[in-house]
Amino acid sequence: MEKRIIHIDMDAFFAQVEQRDNPELRGKPVIVGGRSFNRGVVATASYEARKFGVHSAMPTKTAHKLCPDGIFVHPRFERYKEISAQIREIFLSYTELIEPLSLDEAYLDITELVSRETPSKEVALSIQRDIFDRTGLTSSSGISYNKYLAKIASGMNKPKATTVIHYDNVLKILHELPIGKFPGVGKVTEEKMLGMGIKNGKDLYDISRNDLILKFGKRGESLYNKARGIGTNELTVQRERKSVGKETTFNYDRNDDKEILGVLEELSDKVSVRLEDRQLAGRVVTVKIKNGDFETHSKQMMTMDPVFKGEDIYHYAYNLYHEVKEQDVPIRLIGVTVSGIEERLYRNMTIYDFIM
Ligand code: TTP
Ligand code: MG
């Protein structure tokens, strides 16, 4: 059975909220982010500011240069979180099949809501109308038969758009799509692709499955499929994640701090990757060790800010390790866990970027 998946993404989310809450900012180039001239980073910019070339993750300094008359605003995460919860309530009034990706975007499986009288576009428009009525904010949506195509569609005609990708137009759209716009193709992969002369979906389409696997390993297969409109339509429906942890059992008992810390660092990175995948962060880090005689010890610690980066997790884990490890008692197992999980409010920046 063919599914109908919607991807909904708020337009210039943080900036729109600021403009909604403060009428003086409406119609103006608003730049939300760290205001520190030297270390700040742009979280997002209103569409008025984007005309000057300002975009997310750009240093505040550059944004000042491009848009000297821009209004620089400090982010108010609690407010965005509140509004995100209101939006999620609206989603829930349609379906429980929701997969949130971040504060301002989610997949919804609306297969059951679609009928001859109510095509999927009507459902999407109705959700977007409800969001606007409740929050005063505009959004864009994409509709398709799988997740990644819905996501591509929602980004195609932003802002305030509703876009459908179906079997008749999918290949044309994918062929013309710049390679960097394929979900899952990040900056690094994009560079690599461009280096290989792959500029768009058509170039990707023309490469054999074997060549892609040769060049990109396991991901080659997924890229091959993505060039052809093939992808999953199964939502990962929000399950409450209480913690994310990784542990290793050694094949012999170990006592060398340097060696064990090396493993702990790797485990911290692995936990980080899992948190990254789900856009999560946590406020508690725990280190557990098991002695050669199977005694288990653990210690945990609240972090200053929610952590998700490998180096930050390791920073806490390193200190905890030194508290929990007894001298000259070899250990058999070590593990690190991040709990006190919450959704990440911001990407690619730390809270420190906002302080000044
Ligand atoms: P996005 O949906 O990527 O961007 P956006 O909603 O601002 O704009 P668009 O109309 O293109 O969807 O991200 C949602 C919010 O997440 C954004 O308003 C601010 C925050 N964010 C960051 O903090 N850092 C980032 O690098 C990005 C991309 C977003
Ligand atoms: Mg958005």
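Residues numbered from 1 in each chain as written. Chains lettered and ligands numbered in written order. Predicted model: local features only at pLDDT ≥ 70, side-chain atom pairs only at ≥ 80, totals over all residues. Heavy atoms only, no water.

### Focus: the overall build of the protein chain
Across its full length, the protein chain carries 14 helices and 12 strands. Counting only C-alpha atoms and orienting by the principal axes, one finds that the protein chain spans roughly 70 × 50 × 45 Å. In the protein chain, which comprises 356 residues, the proportion classed as buried is 48%. Here the analysis covers contacts within the protein chain between residues at least 6 apart in sequence; of these, 66% occur between residues at least 24 apart. Mean positive and mean negative side-chain charge positions of the protein chain (53 and 52 charges, respectively) differ by 4 Å. (Helix = DSSP H or I, 4+ residues; strand = E, 2+ residues; numbered from the N terminus. Buried < 20%, exposed > 50% of the residue type's maximum accessible area, 1.4 Å probe, protein only. Contact = heavy atoms within 4.5 Å. Lys, Arg positive; Asp, Glu negative; His and termini not counted. Charge placed at Lys NZ, Arg CZ, Asp CG, Glu CD.)

### Details of helix 5 (residues 120-135)
Between its first and last C-alpha, helix 5 extends 23 Å over 16 residues, near the 22 Å set by a 1.5 Å rise per residue. Considering only its buried residues, helix 5 is in contact with strand 1 (5-10), helix 1 (13-21), helix 4 (77-92), strand 6 (105-109), strand 7 (139-144) and strand 8 (162-164). Once helix 5 ends, the next one or two residues include G136, with phi positive near 75°. (Expected span 1.5 Å × (residues − 1).)

### Some words on the domain arrangement of the protein chain
The domain architecture assigned to the protein chain consists of domain 1 (14-77), domain 2 (170-226) and domain 3 (243-348). Taking the mean C-alpha position of each, domain 2 and domain 3 sit 35 Å from one another. (Domains from an automatic or database assignment.)

### Points about the coordination of the magnesium ion (ligand 2)
Of the protein atoms, only D9 (OD), M10 (O) and D104 (OD) coordinate the magnesium ion (ligand 2), at distances of 1.9 to 2.2 Å. Going along the chain, you hit the donors of the magnesium ion (ligand 2) in the pattern D-M-x93-D. Taken together, the residues D9 in strand 1 and D104 in the loop between strand 5 (98-102) and strand 6 connect sequence positions 95 residues apart. (Donors = N, O, S within 2.8 Å, 3.2 Å for Na, K, Ca; no water.)

### Description of the environment of K81
With respect to the helices and strands, K81 occurs in helix 4. For K81, a relative accessible area of 35% translates into the label partly exposed. In sequence terms K81 and D104 are 23 residues apart; their C-alpha atoms lie 9.1 Å from each other.

### A look at unusual backbone geometry
Each neighbour pair has its own omega, and for K158 with P159 the value is -10°, a cis peptide bond. Position of P159 among the secondary structure elements: in the loop between helix 6 (147-156) and strand 8. In this structure, A57 is a non-glycine residue whose phi angle is positive, near 75°. If you trace the backbone, A57 turns up in the loop between helix 2 (47-50) and helix 3 (60-66).

### A look at the UniProt feature "site: Substrate discrimination" (unreviewed entry) in the protein chain
The residues that UniProt annotates with the feature "site: Substrate discrimination" (unreviewed entry) are F14. Position of F14 among the secondary structure elements: in helix 1. The class of F14 is buried, set by a relative accessible area of 11%. (UniProt positions renumbered as here; feature names shortened; annotations may be inferred.)

### A few points about the packing of helix 1 against helix 4
Where helix 1 meets helix 4, the axes come as close as 11 Å, and the angle between the chain directions of the two elements is 95°. Classified by the interaxial angle, the pair formed by helix 1 and helix 4 is roughly perpendicular. Together, F13, F14, V17, E18, R20 and D21 of helix 1 and F77, R79, Y80, I83, S84 and I87 of helix 4 make up the contact between the two elements. Among the residues making up the contact of helix 1 with helix 4, the classes are represented as seven nonpolar, one polar and four charged. (Axes fitted to C-alpha atoms, helices over the stretch in contact; angles between N-to-C directions. Parallel < 35°, antiparallel > 145°, perpendicular 65-115°, else oblique. Nonpolar A, V, L, I, M, F, W, Y, C, P; charged D, E, K, R; others polar.)

### Some thoughts on a negative patch on the surface
Judged by side-chain charge, E265, E266, D269 and E311 come together as a negatively charged surface patch. Counting residues per element, the negative patch draws most heavily on helix 12 (residues 257-277), which supplies three residues. The residue E266 is located in helix 12 in this model. (Patch = residues over 30% accessible without salt bridge, like charges linked within 9 Å, V, L, I, M, F, W, Y side chains within 5 Å. Areas by Shrake-Rupley, 256 points an atom, 1.4 Å probe, with all protein chains shown as cover. Salt bridge = Lys/Arg side-chain N within 4 Å of Asp/Glu carboxyl O.)

### Observations regarding the sheet that holds strand 8
Overall, mixed pairing links the five strands, which are arranged 5-6-1-7-8 in an open sheet. At either end of the open sheet lies a strand with only one pairing partner, and these are strand 5 and strand 8. The average undirected angle you get between the axes of adjacent strands in this sheet is 15°. Bridging between strand 5 and strand 6 involves four bridges; their strand directions are antiparallel. For P100, the partnering residue across the bridge sits in strand 6 and is A106. Across the sheet, helix 5 is in contact with strand 1, strand 6, strand 7 and strand 8; its angle to strand 7 comes to roughly 160°. (Pairing = 2+ DSSP bridges.)

### A short note on the packing of aromatic side chains
Summed over all chains, the structure comprises seven aromatic pairs. Each member of the aromatic cluster is reached from another via a ring pair, and the members are F13, F14, F77 and Y80. The ring of F216 has K192 lying over it, and the distance from NZ or CZ to the ring centre is 4.6 Å. Above the plane of the ring of Y224 lies R228, whose end atom (NZ or CZ) is 3.8 Å from the centre. (Phe/Tyr/Trp six-rings, centres within 6.5 Å; stacked < 30°, edge-to-face > 60°. Lys NZ or Arg CZ within 6 Å of the ring centre and 35° of its normal.)

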